[in-house]
Structures are given as C-alpha cells and as structure tokens.
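# Descriptive structure summary
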2 protein chains.
Amino acid sequence: MTTISIPAPADFHVHLRQDELSRLVTPHVRHGGFSLAYVMPNLKPPITTTEQALKYKAELESIDSSVEYLMTLYLSPELTPEEIRKAKEAGIVGVKSYPRGVTTNSDGGIESYETYYPIFEAMEEVGMVLNLHGEVPSDASANIHIINAEPSFLPHLKKLHERFPSLRIVLEHATTRAAIEAVKALGSTVACTITAHHLALTVDDWAGQSWNYCKPVAKFPDDREALREVIREGHPRFFLGSDSAPHVHDSKSTASPAHGCAAGIYTSPILLPLTAHLLESFGALDKLEGFVSTFGRNFYGANQFADDEKVLLRKVSRPVEESWSAESERVVPFWAGKELGWEIARDYIGNDNRI
Amino acid sequence: MTTISIPAPADFHVHLRQDELSRLVTPHVRHGGFSLAYVMPNLKPPITTTEQALKYKAELESIDSSVEYLMTLYLSPELTPEEIRKAKEAGIVGVKSYPRGVTTNSDGGIESYETYYPIFEAMEEVGMVLNLHGEVPSDASANIHIINAEPSFLPHLKKLHERFPSLRIVLEHATTRAAIEAVKALGSTVACTITAHHLALTVDDWAGQSWNYCKPVAKFPDDREALREVIREGHPRFFLGSDSAPHVHDSKSTASPAHGCAAGIYTSPILLPLTAHLLESFGALDKLEGFVSTFGRNFYGANQFADDEKVLLRKVSRPVEESWSAESERVVPFWAGKELGWEIARDYIGNDNRI
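The name given to chain A in an unreviewed UniProt entry is dihydroorotase, and the organism recorded there is Hericium alpestre. For chain A, the Sequence similarities (unreviewed entry) comment in UniProt is given as "Belongs to the metallo-dependent hydrolases superfamily. DHOase family. Class II DHOase subfamily." Reading the Pathway (unreviewed entry) entry of the UniProt record for chain A gives the comment "Pyrimidine metabolism; UMP biosynthesis via de novo pathway; (S)-dihydroorotate from bicarbonate: step 3/3."

If you want it as structure tokens, here you go:
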C-alpha cells in the first residue's frame, strides 16, 4: 500500500464562521488533516479588535482544541497603530484587507490604502502579516470585472511592497498567471496562497454551476496551469490557503431572479486528500509537504510542532461525502460524490482510520 | 403620453420548444410584440428534414396563427444538397450550425465545416441563409474556454465568407467587440444578431446567478459597449435575434453538485418593451425600428407585411411579470420584478392594452 507522511499540515486561509455553522465546520479542519488554521476575520460583525479575536479564538478552541488557530483582524478605519501593538502582544498574527472594506471608506478606489499607511508601518515594525484579498471592485465604466479584478489589483501590491519592503504581505487565493508572475518578481517578504479548488476549476466549471462558484472566480486554463507550474516548481513563497468557505446548503443550491447563490467552496473536511489528489494529477505529489506545511510555516515563522505531529495518507479510491450536518445546518463539500485517490490513514493526534 | 409605433417587429432567433412548453411560450411571441419568429431547430430530436420543419411549423401555427414562422434546419451529416433544394421549395429559410453538432461528427475541430461545403454550395445557389452559433468548443489544452470561444470562432466565419461570398451568413447572438468588428469588416452578405439580454448583462451578472446564465455567456463591459455602439450607429447588418430560450423553473433555479443549471434567458413575453427600454438607456431609442424590424427584414428579404401591422409602445413604469404558467410548466422571464420603461399599448392585430 502506498502511503505518504506529512508533518503538521497548515491551512493558511480558512473561514470558520460563527455559532451553529462554526460548531459544524471547525472540527473539519482536523478531519481534513490540518493542525493549523489561519482564521479569517470576516464575521458579522467583523473581528476588528484584539478582544474580539481572543474571544473568537477561545470559542474555536472550545470546539476543537487539537488545532492551532492563528488569528487575524479585519482592516478597517477603526484600527489604530496602538491596537496593532496590542494585537501583536496578544499573539494575533495578521490583518486581512478586503476590497469592499477599502471601497466603503474611500471614494471608490483602492488608492485609499494610503489612509492605512500608519497601520502598515506599525505592522511592519512589530512583525504582523498583511493578508490581501487582491481584487479591485468591478467598475463597468473602467471595464473592470470579475475576470480582470485580480490583475488590476497587482499594481497596488507592488506599490505596497515598495513602500513597506519589510512588511510581510500575502496575496491570498491567487487565480491568474499575472498574479503568480507578479509575486515571483517581488521580494522575499511577499508570498501567495493558492487554494485547492483553483487547481481544479476554470471559468467553464462555475458557469451555471453555483457549487463551483467562489470569489475570486476560477479563471482560464492557462491561469490554472500557472498555479500548477509554481507548485511543481516547489517555489517556497507559494503555499496552501484553502479559502474553505462553508455556506448552508440552500444558499448554494438555489437562486431566485432577485438573489443569486452564495460565493464560496467548502474544502476543509477533505483538504489534505484533495490536495494530494490534485498535486498527483499534475505531477507535483513530491511537492505536497512543501506546499501544505513547510513553505507556509516558514514564511509565517510558525514551525514549532511536535515530532509526532504527522498525518499519514494512503492511496485509495473513495468518494467524497455528499454532505455534513449538525443541528440545523448542512454543508456540502467540494467534489461531493467524486472519487479521491487519497485518504487519511492516521491523523496528527494518532487516530487511525482503518479500512 | 409618449408613444412609439413600430411596424412589424421581427425576432430573428427564437426557441419555441415542443409540447407543453411550446404551448406556453409560443403565444408569448405576439405578447412580446413580435409578428415574425425565426425558429430554431434544436428540438429533441433536432429538425433535420423538410417534413419535420413543416410539421413543426403547422404545430406552431395551430398554437398562434398571428405570427409568421420562418423555419430552419439543423446542420448535420444527414443533410444533402437535394434536401436543401427541397427545403427551399417548401419555404424553409435557413440552416443552423451548432458547434456541438460540428464537433460530434469531426475529429473535435470546427475545421470539419469543409465536409459541409456541398451543402453550403447548394444553399448559396438557392438562396438559403446559414445561421452560425459562433463558438468553438472549450479545450483546456489549447486554453479555449467560454470567454474566448467566440473570438476563436471568427477566423472560421471569415473563411466561410471568403469561400462562399454570395451565401448569406448570420453570426448569431454576438457578445464580443471582436465579433462586432469582424462582421463589420466582412461583406454585405454577412449579418449579425444581437440579443436584448446581452445589451444588459456582463460576466459579473451571471456569476452565481443562474437566471442570467446563457450561452454564449455575457462578456465584459467593453464588449457590451461594442454591442451598444453598433446599434447606436444604426448599422443595417446588426439586428435583433432574442435567442429567447425558456426553461422550466426548477432547471434554472436549482443546482446540485452533480448538475448545474440550464443555460438560457427567456425574453419573449417582454421583448419589445425590454428592447425599447434598453435602447433608450444607452441613447439608441431612435434606432429601435431599424434594430427590431427593418434591418433584419431587409437582410432576409422578409419585408412583406400589411400597412396596419404595427405595434404601439407607450412610456410607463411597470414591473416585469414574476412568471408565466400553463399546464404543468412554469417559466420566469428575464428581469422578473424589475421595472421597464415601456409597455405595449396596442399590438399588431389591434388589441388594446388599456391602462
């Protein structure tokens, strides 16, 4: 039987939600093989203070204490350099910038990053990471749309890096060849996450198929190829951030003329087997450890873990579960019903999954 | 009260379906203000013979005899030059080429048009029209996808026109600036239909919103602007073909991981008011008569109609109906619930719609 052992898999971009949905999906981090979750702050209301982040972290730990949760704040005008220093003291790792947040508090342009320069200076000083959702808002008058929103953002990434060369920046969930090339061309403080599903999908897959619809949308085959190439290359500044984004079943399955479906693809419960399956499909299985563990942990300086914190994968063929339910919530994983070529034989806390 | 009178509106691309669904949607041609319907042959099974086309025409006339139905055949290997001559004799007007039909009977490439050259020669000789669904099939290995499928088809259009300069060809439902420019650059025997919904939508509108999903998919704001420009210009080789494509409610509203939603947007029941509304929105209301009647009728030589065959539109603000039902079928029109700025005050057979 073919097996692979991966030390301490780390997902550097995941949505763990709130309340009932959080109780359903948070245990799926471990189920999917991951012992570290870099947690997004876009709750309702968003996590904008150290206190909120610590409270949220405690809630997640009460659901599943086997995972290490790295917490983030939501970039907003309420944030101050003082709060950044306080957050750093409290162990909070990063600040996430969403384009809508930027837009809401500007004259409609991403140029308003300049208003956040005092924040970024404080982050650079204390060593916090800036996580960028790298898309500019659609603007028909400027021919900006969901397909070119990411390439149109890249000049802002370059400008931020030039202004704050020591600030660690992560371009999140890259989907285009342009983004891969831009990050490669920048310095060692700029990294990039790639999701599992963007290694599988193109625009053809989400047209009329809401289960494959997420933001940023999957782009063209050549863009997908660029994501695969940089992983095959084993580039140390490109690593997994799943952007696993659960939504309740009905919000994904059903559209009315007034309301479309929710954006987001849910990969947490199958993440390590899915990633192994995908990397194997394009000849990069030997880069799995770097992509899901070493590279991200090195960039974040998060490389303390026990020697026995390992996940054992074994080669099989088994279908992805159709859904997961708890209380009144139901979520459907990516590729529900499709065959995966790998499964978890033993998780990082030593639980065996016997055949 | 502001009114516009339009002589004999003609929809040069419409899907009237079969059986129950046909009985529901065929009367919507007149309801939407149109007295001519150029009828697509993609039934199950497709309309490939003169007999089938005449039988289908009789069925449509039995549902609503006030509309003139121009019939088409589905391009397939069964078609012969003899059948083309027979079809012409029987009053059939055109032959529709679908990319899938081409692909099924070739080694996967649109190059197989050459196998149809004897058909096209016969069509050129007798004066039938070739209607092209101008997209090449997606092919990830060649980076062909639903966004560049139409531009990638244009070399085939040019080649066909060069080889058959007297053959009247219509590029159907153009969605890109590239297509508009290509058709403008070709000779007087090549025309182009434009749908109403592609004057409204861009890629952002169908992402996660199945009710706005059709093939070809709506493209970028600059492409939409090119469609609007050529109408504002009053170019006589660009005219309305709605591609109105009804699907039953559930096939549009609900996706499972295994099955996405049906492609198609239903505009027939609101077509003339919708088109007036859209043309007014981009400053082309003075081109309405050309776009919905004169240009297409001239290209097809279908300009015989009675002096009193006129539709009177009046300016109002009224919402689009939420749905239409009959027997066990229900269809939802484009822009359900949204306000339109025009309605039909009197239809072409003299029925008043009193306020």
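## Looking at helix α3 (residues 50-63) of chain B
Residues and elements named next belong to chain B. When the terminal C-alpha atoms of α3 are compared, their 20 Å separation across 14 residues agrees well with the 20 Å that a helix rising 1.5 Å per residue should span. Within the span of α3, buried status applies to Thr50, Ala53, Tyr56 and Leu60. Down the axis of α3, the buried side of the element spans an arc of 130°, and every buried residue falls inside it. Turned more than 90 degrees away from the buried face of α3, the exposed residues are Lys55 and Ser62. On the buried face of α3, the contacting elements are α1 (19-25), β3 (36-39), β4 (68-70), β5 (72-74) and α4 (81-89).

## Remarks on the side chain of Gln209(A)
As for its position among the elements, Gln209(A) is in the loop between α9 (203-206) and α10 (221-232). When its relative accessible area of 9% is taken as the criterion, Gln209(A) is described as buried. A polar contact is formed between the side chain of Gln209(A) and the backbone oxygen of Ser256(B), at a distance of 3.0 Å. The residues contacting Gln209(A), other than those within four sequence positions of it, are Ala255(B), Ser256(B), Pro257(B), Ala258(B), His259(B) and Gly260(B).

## Section: the interface of chain B and chain A
On the chain A side, the residues contacting the 31 residues of chain B number 31 residues. For the pair chain B and chain A, the summed buried surface comes to about 2400 Å²; carbon and sulfur atoms form 63% of the total. At the level of elements, α9 (203-206) and α10 (221-232) of chain B are the ones that each hand at least two residues to the side of chain B that touches chain A. Looking at side-chain class alone, the side of chain B that touches chain A contains 17 nonpolar, 11 polar and three charged residues.

## A word on the pattern of salt bridges
Pairing is possible between side chains of opposite charge, provided their charged atoms come close. Within this structure, the stated rule accounts for 37 salt bridges over all chains. Between Glu121(B) and Arg163(B) there is a salt bridge; the shortest N-O distance is 3.1 Å. You can see Glu121(B) sitting in helix α6 (residues 117-126) and its partner Arg163(B) sitting in helix α7 (residues 149-163), a full 42 residues away along the chain. Among the charged side chains, a network of salt bridges with common partners joins Arg314(A), Arg318(A), Glu321(A) and Glu343(A).

## Quick word on the pairing of strand β2 (residues 10-14) of chain A
Residues and elements named next belong to chain A. Within β2, five of the five residues are buried, which leaves it mostly tucked inside the rest of the structure. Judged from the three bridges that link them, β2 and strand β3 (residues 36-39) form a sheet pairing that is parallel. Among the inter-strand pairings, aspartate 11 is bridged to a residue of β3, identified as alanine 37.

Cut-offs used in this document
Residues numbered from 1 in each chain as written. Chains lettered and ligands numbered in written order. Predicted model: local features only at pLDDT ≥ 70, side-chain atom pairs only at ≥ 80, totals over all residues. Heavy atoms only, no water. UniProt positions renumbered as here; feature names shortened; annotations may be inferred. Helix = DSSP H or I, 4+ residues; strand = E, 2+ residues; numbered from the N terminus. Expected span 1.5 Å × (residues − 1). Buried < 20%, exposed > 50% of the residue type's maximum accessible area, 1.4 Å probe, protein only. Arc of directions from axis to C-beta. Contact = heavy atoms within 4.5 Å. Polar contact = N/O pair within 3.5 Å; in protein donor to acceptor, adjacent residues only side chain to side chain. Buried area = accessible area lost by both parts, 1.4 Å probe. Nonpolar A, V, L, I, M, F, W, Y, C, P; charged D, E, K, R; others polar. Salt bridge = Lys/Arg side-chain N within 4 Å of Asp/Glu carboxyl O. Pairing = 2+ DSSP bridges.

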